[in-house]
Number of protein chains: 2
Amino acid sequence: MSTDSETQSESDAREQLIDLAAEFYDQFADGEVPTMSIPTRTKSNIEYDEDMDVWVYGDRKSTRSAKTVSGAQKLLKATYVIDFLAQQLEEDRSSTLRELYYLSESFDHEEAQFNSQDESNQLIEDLEIVSDVRREEFHMRPEESGATVMGPLLIREQTRRGEREIHCQEDVGEGGYQIPNDPDTIEFLDNDADFALCVETGGMRDRLVENGFDEEHNCIVVHLKGQPARATRRLTKRLRDELGLPVTVFTDGDPWSYRIYGSVAYGSIKSAHLSEYLATPDAQFIGIQPADIVEYDLPTDPLSDSDVNALESELEDPRFQTDYWREQIELQLDIDKKAEQQSLASRGLDFVTDTYLPERLDAMDVI
Amino acid sequence: MSTDSETQSESDAREQLIDLAAEFYDQFADGEVPTMSIPTRTKSNIEYDEDMDVWVYGDRKSTRSAKTVSGAQKLLKATYVIDFLAQQLEEDRSSTLRELYYLSESFDHEEAQFNSQDESNQLIEDLEIVSDVRREEFHMRPEESGATVMGPLLIREQTRRGEREIHCQEDVGEGGYQIPNDPDTIEFLDNDADFALCVETGGMRDRLVENGFDEEHNCIVVHLKGQPARATRRLTKRLRDELGLPVTVFTDGDPWSYRIYGSVAYGSIKSAHLSEYLATPDAQFIGIQPADIVEYDLPTDPLSDSDVNALESELEDPRFQTDYWREQIELQLDIDKKAEQQSLASRGLDFVTDTYLPERLDAMDVI
């Protein structure tokens, strides 16, 4: 995104926010009790959109009304936060969710101050949903940071200190390029990549980089760092949408890692209002598969009770309703084992890059 | 460190390892039962070195002898690992601790295979201590990754893909420069810095960078990411020793954060054999101090039982035996409160960079 469109998106975000506050004002002027209507954010109002292959909110709405004291307080807090965000955008500044919580102590109306960070986090999510503007466009930064990228990709990042052109192999150290909090400040200038490989663990990320996998296979290695931050998922989606790159997700072979894959591919319940922005529905899972545990006789650990429960709940999860996943999950319950991606090292340090990944990528028609 | 000296350190490491194995051989040749002697690694054998201001091992030694089956197995495992490491160094490769554990499955002698990763981790630490070579020099990578740096510092990193010259403000995005797993591959080329500021949380690191604190005060901002990885502590020490920069540590105001400061400044019990390499004894604590909670009336949480226990054990900890720390810890127990660094936002987003840090740095004679 260029500087101009950034400025455009900032001013759009500000307008959307001010429109929200203006609605309260209009309701007052019309002699109505102010209200704010938002989709009900409970599990029962989250639907799997079969066409888009992602989670979205259903039709049920909740209304916050100033009729009650607690409702009025919520709307008061919302107006204070809108005021703060509008000013933040005007000054081209940003803040973290935690700072917002603490900052509310300086609000002159004591009733507008937050009682807990859960409350302020929730309000920001509500505002995201109602205004259709993302937290990043409000310039609210996360606490968790994005991960790193290594691969044949030239980007231009719009920083507060000016533009930076960075090649994600030639201009970075072994640690790679650090994804900024808002990856929409990145523009893709050029690339020589055939696909993206998102990797769960740092140990495996380092293995791929040491073995030169990104160079040999023209591959962009994205480190997920466990459950990926929003910034990491957003960047991955943009690699798919803007560069047309196949996206593959390489994790451990256990139910929690399948959820990591699920959150990259289909979004999560918590951020269902952002699925369109964050999810990469045709991302492909590249292992460790339960079938690999059997085929390669990998070192394993037995499934714990919570692993078994998680696998069983995945059998009911709409994201995993395919023959492939049912077969893999049932096989895993049957063999009662899980394996980490680094367990491939039991076949030598090069097995993953010389044999495992090339064979999988070939079978998936990615290379 | 230049390429030449790197190669020197690699060949030194290999020699030290092979010398260890040679000792077993000599013992066999002399008709002795092979043994390996290492410092006892229990809390009772860890001493606070008053001169160096860091933790070190005491004089007590334990002996691993092939006289017993379990002792013989330990020495067998050690020789297999020495063989693996020597080969790894010869091929200029590296691996993670977890890979080593899995890789042992490919050892031809079943008795040499590890039963758990704790066992292989422990052996690597033993070898570090006995050979006086650090894990990084064995080319063993950690799972946890180093954090990031932003500031007026030009470095040259020796990567597998050649040298990279990177200025840690001008050549990086907002995310900063990612510290590599072994920061001794970095050479400091030039800098315009007056001091280093190590920051516990990502939210505060981002605040300092957004507010341009590094530019205004010629400061190198090092993100600790909570309890810092070895790579981060090593880099911090090198900023102090090689560039002569004062090092300050900025954390939350609770006992766990004081331990973060303690591990930067004085080392930790777990890595007492590395204190000389990792610890920065004259690193200064720059808050949040319990006195700040009172003076600035910061938003707080009450101390939990485990907070109180941790504070009380710090009162006994040799690292905190100064008037300053006794006073602060007793004050904190008295007010029964703790505060996060981001709570300074209750006085506005610029308070930390315009007022708090400049006042503290001035009082500490750093600026």
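In what follows, the structure referred to is the one given above.
Worth saying up front: this structure is predicted, and the values here are computed from it rather than measured.

### Quick word on the overall build of chain A
- Secondary structure assignment for chain A yields 13 helices and 17 strands.
- Here chain A has a C-alpha radius of gyration of 23 Å; the compact-globule value for 367 residues is 21 Å, and the two agree.
- Reported as C-alpha extents along the three principal axes, the dimensions of chain A are approximately 70 × 50 × 35 Å.
- The buried share of chain A, reckoned over its 367 residues, is 58%.
- Put simply, chain A shows about 15100 Å² of open surface, and 43% of that area lies on carbon and sulfur atoms.
- Side-chain charges of chain A comprise 35 positive and 80 negative groups, with the mean position of each set lying 4 Å from the other.

### Topic: the packing of helix α8 (residues 255-266) of chain B against helix α11 (residues 305-316) of chain B
All names here are of chain B.
- Across the interface, α8 lies against α11 with an axial gap of 9 Å and an inter-helix angle of 40°. Regarding the angle of α8 to α11, the classification is oblique. Listed contacts from α11 to Pro-255, Trp-256, Tyr-258 and Arg-259 of α8 are Ser-306, Asp-307, Ala-310, Leu-311, Ser-313 and Glu-314.
- Of the residues contributing to the contact of α8 with α11, the split by class is 5 nonpolar, 2 polar and 3 charged.

### Brief notes about the layout of surface pockets
Residues and elements named next belong to chain B.
- Estimates place the volume of the second largest pocket at around 700 Å³.
- Surrounding the second largest pocket, 31 residues form its lining, Arg-233, Ser-268, Ile-269, Lys-270 and Ser-271 being those nearest its centre.
- Listing elements by their share of the lining of the second largest pocket, those giving two or more residues are α4 (117-131), α7 (230-243), α8 and α11.
- For the lining of the second largest pocket, the element with the highest residue contribution is α4, accounting for 5 residues.
- When the residues that make up the lining of the second largest pocket are grouped by side-chain class, the tally is 9 nonpolar, 8 polar and 14 charged.
- When residues are assigned to domains, the lining of the second largest pocket turns out to be shared by domain 1 (1-141) and domain 2 (192-364), each giving three or more.

### Description of the pattern of salt bridges
- Counting across every chain of the model gives 64 salt bridges over all chains.
- Ionic pairing is found between A:Arg134 and A:Glu137, a salt bridge with its closest N-O pair at 3.3 Å.
- Note on A:Arg134: relative accessible area 13%, which makes it buried.
- Taking the shortest distance from any N to any O, the salt bridge between B:Asp292 and B:Arg360 comes out at 3.7 Å. With B:Asp292 in helix α10 (residues 290-295) and B:Arg360 in helix α13 (residues 351-363), this pair connects stretches of sequence that are 68 residues apart.
- Classification of B:Asp292 as buried rests on a relative accessible area of 2%.

### What to know about the sheet that holds strand β11 (residues 186-191) of chain B
All names here are of chain B.
- Read from one edge of the open sheet, 3 strands run β9-β8-β11, paired in antiparallel fashion. The open sheet has two edge strands, β9 (162-167) and β11, and neither has a second partner. In this sheet, neighbouring strand axes are inclined to one another by 20° on average, regardless of whether the strands run parallel or antiparallel.
- With 5 bridges connecting them, strand β8 (residues 153-159) and β11 associate as antiparallel partners. Each residue of the ladder has a partner; that of Ile-155, found in β11, is Phe-188.
- Helix-sheet contacts for α7 involve β8 and β11, and the interaxial angle to β11 is about 50°.

### Thoughts on unusual backbone geometry
- Residues A:Gly287 and A:Ile288 are joined by a peptide bond in cis, for which omega reads 0°.
- Following the sequence through the fold, A:Ile288 ends up in the loop between β15 (284-285) and α10 (290-295).
- The phi angle at B:Asn218 is positive, at roughly 45°, despite the residue not being glycine.
- With respect to the helices, strands and loops of the structure, B:Asn218 is situated in the loop between α6 (213-216) and β13 (219-223).
- One non-glycine residue, B:Lys225, adopts positive backbone phi at about 55°.
- Its place among the elements puts B:Lys225 in the loop between β13 and α7.

### Quick word on the interface of chain B and chain A
- Counting residues at the interface gives 53 residues for chain B, matched by 53 residues for chain A.
- The largest per-residue losses of area from chain B upon contact with chain A belong to B:Tyr102, B:Arg161 and B:Glu210, which jointly make up 17% of the total buried on that side.
- The interface formed by chain B and chain A holds 17 salt bridges in total.
- A salt bridge links A:Asp214 to B:Arg161, with the nearest nitrogen and oxygen atoms 2.7 Å apart.
- Those elements that place two or more of their residues in the side of chain B that touches chain A are α2 (69-90), β5 (95-96), α3 (97-103), β7 (148-150), β8, β9, α5 (202-210) and α6 of chain B.
- No other element matches α5(B), which puts 6 residues into the side of chain B that touches chain A.
- Its residues assigned to classes, the side of chain B that touches chain A comprises 11 nonpolar, 21 polar and 21 charged.

What counts and what doesn't
- Residues numbered from 1 in each chain as written.
- Chains lettered and ligands numbered in written order.
- Predicted model: local features only at pLDDT ≥ 70, side-chain atom pairs only at ≥ 80, totals over all residues.
- Heavy atoms only, no water.
- Helix = DSSP H or I, 4+ residues; strand = E, 2+ residues; numbered from the N terminus.
- Rg over C-alpha atoms; globule rule 2.2 N^0.38 Å.
- Buried < 20%, exposed > 50% of the residue type's maximum accessible area, 1.4 Å probe, protein only.
- Areas by Shrake-Rupley, 256 points an atom, 1.4 Å probe, with all protein chains shown as cover.
- Lys, Arg positive; Asp, Glu negative; His and termini not counted.
- Charge placed at Lys NZ, Arg CZ, Asp CG, Glu CD.
- Axes fitted to C-alpha atoms, helices over the stretch in contact; angles between N-to-C directions.
- Parallel < 35°, antiparallel > 145°, perpendicular 65-115°, else oblique.
- Contact = heavy atoms within 4.5 Å.
- Nonpolar A, V, L, I, M, F, W, Y, C, P; charged D, E, K, R; others polar.
- 1 Å grid on protein atoms, 1.4 Å probe; cavity = no way out; pocket = protein on both sides within 12 Å on 5 of 7 lines; lining within 4 Å.
- Points joined across faces, edges and corners; volume = space filled by probe spheres on them.
- Domains from an automatic or database assignment.
- Salt bridge = Lys/Arg side-chain N within 4 Å of Asp/Glu carboxyl O.
- Pairing = 2+ DSSP bridges.
- Buried area = accessible area lost by both parts, 1.4 Å probe.

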